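Geometric and topological summary
Chain by chain, the residues run as shown.
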2 protein chains.
Amino acid sequence: MSASQSYIHCQNCNFSHLCLPLALNTDEMDKLDTIVKRNNPLHKNDYLIESNTPLTSLYAVRTGSFKSYIEDDDGEYQITAFHFPGDIIGFDGLREKRHVSQTQALETAMVCEIPFHMLEDVAEKLPNLRNQLMKFMSAEIQQDRELVMLLNKRNAESRLLYFLISLSKRFEERGFSATSFLLPMTRTDIGNFLGLTVETVSRLLTRFQKNGLIKVEGKALEILKKGDMEQMLTDYHINIDSI
Amino acid sequence: MSASQSYIHCQNCNFSHLCLPLALNTDEMDKLDTIVKRNNPLHKNDYLIESNTPLTSLYAVRTGSFKSYIEDDDGEYQITAFHFPGDIIGFDGLREKRHVSQTQALETAMVCEIPFHMLEDVAEKLPNLRNQLMKFMSAEIQQDRELVMLLNKRNAESRLLYFLISLSKRFEERGFSATSFLLPMTRTDIGNFLGLTVETVSRLLTRFQKNGLIKVEGKALEILKKGDMEQMLTDYHINIDSI
DNA sequence: TTGCTGGTTTGACTTGGATCAACCCTTGCG
DNA sequence: CGCAAGGGTTGATCCAAGTCAAACCAGCAA
């Protein structure tokens, strides 16, 4: 471990309130801390996880962002999640102890690696940690199902609105600006995730801009009328609290 | 507990190979067995779980079938899963210790109720059970993500094919016929789940019948050319092993 | 500097599945 | 029995979003 990384601990991590340590006390956090490996940074497009490889660790995002996707044998793929600091990656592989999706860095990023067999050992002694793991998985199930409803029942406009508001919320939770941020993913990625084509995403973004809701310039997004956008979601009967 | 139910134990349940006992030895299974409550049967349309109620138990389906769905404030709803014997219901509520979806019986059905606080106690002592719980949740995440891909990337025909083949597989796993069974859900339910209208589902079923793939008469479904149907899925690049 | 590549935008056109509408079953109940 | 209600089928029409095509732009490598 390099000197520049040695002072990072769960204790002083900015995102521990969103991450596994959430429900742990200081002692427990220290125990968790001892098994966490902090690796070298990954760069844009680097793979954190490749499909079909054995699951040996879970990963917590420390900085940067990732996308996870599943792929069929024709190369068609489906992005299933975007990950930001504090998010835990890898739960979908627990069943077969083998990764079923791939995870790729969207920009320079760092993770905390949590070797799975050691996590099990620590969890043996820490009911709070077990609980926390279950809650994370449960949250993922809940979110995936909201996503299914979004995809099955909502039109393109509401899907993209939902996406922008959820990004805004996630940045805010992490102490970043809720109204001005860089989109780490491409328009194609957004479309893929939401079940829309790039063209539709692009057209909608320009429309939102024309309507004064947002300002986009390449990756830079500014949310100008968050209230209006949330009202639009409410009009679509989408509960903004569950985002 | 009535006399007619007293002889039911995980040990002699037909579906234990799919259910929580899966990875447990005889002793462990007995421990699990002691906390399981076997209630009176539910009837068609009865609620097993109502939305927003506190999560006190998980449920294992013993006989019959269920649908789970989430609902928005306009009454629009999305069926997120159908449940058959051996399936565990309730994982999506663990996060907030409160159910976020409703579960309704599709026909007369019975469940094993597993009080959650007792499950936690037993799991404390049984690593295998903990593991099993995690695997179940992980499987649910994995399935939900496959579903997202299905909904986002596939057309109506392949969605319904997938649905029929997955039903067939689930019946087979449970020792029922893989090619001849009753659809416990309505066409509307199928459409809702797959993001299609009733009309589309109905038209497709008639088309499949005209093409000699299946025979449908009301709820009764016969799969005549399973091989052809699987080949069609393969042509759509849908991996039938992951169904 | 030039050319290449991947990402984005915009316009014209097409289409799969939704919508609307009518009608036919069952099933159950007063 | 009659009739209401829920479920299912079939046909005609429509439209939101997909497809196809072209052009633009920024970043990067040679």
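Conventions we followed
Residues numbered from 1 in each chain as written. Chains lettered and ligands numbered in written order. Predicted model: local features only at pLDDT ≥ 70, side-chain atom pairs only at ≥ 80, totals over all residues. Heavy atoms only, no water. Buried < 20%, exposed > 50% of the residue type's maximum accessible area, 1.4 Å probe, protein only. Helix = DSSP H or I, 4+ residues; strand = E, 2+ residues; numbered from the N terminus. Pairing = 2+ DSSP bridges. Near = heavy atom within 4 Å. Polar contact = N/O pair within 3.5 Å; in protein donor to acceptor, adjacent residues only side chain to side chain. Nonpolar A, V, L, I, M, F, W, Y, C, P; charged D, E, K, R; others polar. Least-squares fit on C-alpha atoms with pLDDT ≥ 70 in both. Contact = heavy atoms within 4.5 Å. UniProt positions renumbered as here; feature names shortened; annotations may be inferred. Domains from an automatic or database assignment. Buried area = accessible area lost by both parts, 1.4 Å probe. Salt bridge = Lys/Arg side-chain N within 4 Å of Asp/Glu carboxyl O.

Under an unreviewed UniProt entry, the name given to chain A is Fumarate/nitrate reduction transcriptional regulator Fnr, and the organism recorded is Alteromonas sediminis.

Some words on the pairing of strand 11 (residues 220–223) of chain A
Residues and elements named next belong to chain A. Residues Leu-221 and Ile-223 line the buried face of strand 11, whereas the alternating positions Ala-220 and Glu-222 sit on a face that is not buried. In this sheet, strand 11 lies alongside strand 9 (residues 180–182) in antiparallel orientation, the contact comprising three bridges. If you follow Leu-182 over to strand 11, its bridge partner there is Ala-220. Across four bridges, strand 10 (residues 214–217) lies against strand 11 in antiparallel orientation. Each bridged residue has a counterpart across the sheet, and for Val-216 the counterpart in strand 11 is Leu-221. In this antiparallel pair of consecutive strands, strand 10 and strand 11, the connection spans two residues, and Gly-218 shows a positive phi of 65°.

What to know about the protein's contact with DNA strand D
In the neighbourhood of DNA strand D, 16 residues make up the surrounding shell, with Ala156(A), Thr200(A), Arg187(B), Arg203(B) and Thr206(B) lying closest. Among the atoms of DNA strand D close to the protein, meaning within 4 Å, 63% are from sugar or phosphate groups. Between DNA strand D and Ala156(A), the relevant distance is 2.6 Å, taken from a phosphate oxygen to a main-chain nitrogen or oxygen of the residue. Note that a phosphate oxygen of DNA strand D is positioned 2.9 Å from one of the backbone N or O atoms of Arg187(B). Per-element accounting of the surface near DNA strand D gives the leading share, four residues, to helix 6 (residues 198–210) of chain B. Residue composition of the surface near DNA strand D, grouped by class: two nonpolar, eight polar and six charged.

Let's talk about the relation of the copies chain B and chain A
Each copy superposes on the other: chain B lies on chain A with an RMSD of 0.0 Å after a rotation of 180° and an axial shift of 0.0 Å. Both chain copies can therefore be described as sitting about a two-fold axis. If distances are taken from each C-alpha of chain B to the rotation axis, the shortest is found for Ile141(B), at 2.8 Å. A share of 100% of interface residues in chain B that are also interface residues in chain A marks the association as one of identical surfaces.

What to know about the UniProt feature "domain: HTH crp-type" (unreviewed entry) in chain A
Mapped onto the present numbering, the UniProt feature "domain: HTH crp-type" (unreviewed entry) falls at residues 154–227 of chain A. This span, residues 154–227 of chain A, is 55% helix and 15% strand, and a straight line between its end C-alpha atoms measures 20 Å.

So, the protein's contact with DNA strand C
In the vicinity of DNA strand C, 16 residues are found, and the nearest of them are Arg187(A), Thr206(A), Ala156(B), Thr197(B) and Thr200(B). If you look at DNA strand C and keep only atoms within 4 Å of the protein, 62% of those are sugar or phosphate atoms. At four residues, the largest contribution of residues to the surface near DNA strand C is made by helix 6 (residues 198–210) of chain A. Taken together, the residues of the surface near DNA strand C sort by class into two nonpolar, eight polar and six charged.

A few points about the domain arrangement of chain A
Residue and element names in this part refer to chain A. Domain parsing of chain A yields domain 1 (3–149) and domain 2 (154–242). Using C-alpha coordinates to define each centre, domain 1 is positioned 25 Å away from domain 2. Contacts between the two partners involve 20 residues from domain 1 and, on the opposite side, 16 residues from domain 2. Where domain 1 abuts domain 2, roughly 1,600 Å² becomes buried across the two surfaces, and 58% of that area is made up of carbon and sulfur atoms. Taken together, domain 1 and domain 2 are joined by three salt bridges. With a shortest N-O distance of 2.9 Å, Asp-87 and Arg-174 are connected by a salt bridge. Looking at the side of domain 1 that touches domain 2, the elements with two or more residues in it are strand 5 (77–83) and helix 3 (127–153). Take the side of domain 1 that touches domain 2: its biggest share by element is seven residues, from strand 5. For the side of domain 1 that touches domain 2, the per-class residue count stands at 11 nonpolar, five polar and four charged.

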